[in-house]
Amino acid sequence: KKPISPSEIEIHLSDLEIGTFRVKKGSSVVGKTLSEIRLRQRYGITVLAIIRGDARLPNPDGGVKLLEGDMIIALGRPDEILLLSDLFREGDLKNP
């Protein structure tokens, strides 16, 4: 069986969006694990990968700690992605 092409993925996931977010200096998520932040439970977001400098962390597990400068690649509905954009800014999220 051959892999699904990107255009086929768009058809099957038409109600979802992929967003990228940079973890900013001073963000309340710095040093917290994905489990502690509870992105899936609180926001309905799935983290597909984290880009950390030259390293790529595909399909990260809940024990991965977020660091300043990390690039988060996430999948969710457009409204969920929009909510998430505030999460990684400087000094924002309350009680992650």
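Residues numbered from 1 in each chain as written. Predicted model: local features only at pLDDT ≥ 70, side-chain atom pairs only at ≥ 80, totals over all residues. Heavy atoms only, no water.

**Side note on the pairing of strand E4 (residues 71-76)**
Line of reasoning, step 1. Of the pairings in the sheet, the one linking strand E1 (residues 17-22) to E4 comprises six bridges and is antiparallel in character. When the bridges of E4 are listed, phenylalanine 21 appears paired with isoleucine 72. (Pairing = 2+ DSSP bridges. Helix = DSSP H or I, 4+ residues; strand = E, 2+ residues; numbered from the N terminus.)

**A word on the environment of arginine 22**
Line of reasoning, step 1. When you line up the elements, arginine 22 lands in strand E1.
Line of reasoning, step 2. It is 9.8 Å that separates the C-alpha atoms of arginine 22 and leucine 87, two residues lying 65 residues apart in sequence.
Line of reasoning, step 3. Looking at arginine 22, its side chain comes within polar contact range of the main-chain oxygen of glycine 69, at 2.7 Å. (Polar contact = N/O pair within 3.5 Å; in protein donor to acceptor, adjacent residues only side chain to side chain.)

**As for the layout of surface pockets**
Line of reasoning, step 1. Estimated volume of the largest pocket: approximately 260 Å³.
Line of reasoning, step 2. Considering the residues around the largest pocket, the lining is formed by 13 residues, among which Leu34, Arg40, Val47, Pro60 and Gly62 are closest to the centre.
Line of reasoning, step 3. Looking at the lining of the largest pocket, the elements with two or more residues in it are helix H2 (34-37), helix H3 (39-43) and strand E2 (46-52).
Line of reasoning, step 4. A class-by-class count of the residues in the lining of the largest pocket yields five nonpolar, five polar and three charged. (1 Å grid on protein atoms, 1.4 Å probe; cavity = no way out; pocket = protein on both sides within 12 Å on 5 of 7 lines; lining within 4 Å. Points joined across faces, edges and corners; volume = space filled by probe spheres on them. Nonpolar A, V, L, I, M, F, W, Y, C, P; charged D, E, K, R; others polar.)

**Considerations on the nonpolar core**
Line of reasoning, step 1. With 17 residues, the main nonpolar core has Leu39, Ile72 and Leu84 as its most contacted residues.
Line of reasoning, step 2. Of all the secondary-structure elements, those providing two or more residues to this core are H2, H3, E2, E4 and helix H4 (78-84). (Core = buried A, V, L, I, M, F, W, Y, C linked by side-chain atoms within 4.5 Å. Buried < 20%, exposed > 50% of the residue type's maximum accessible area, 1.4 Å probe, protein only.)

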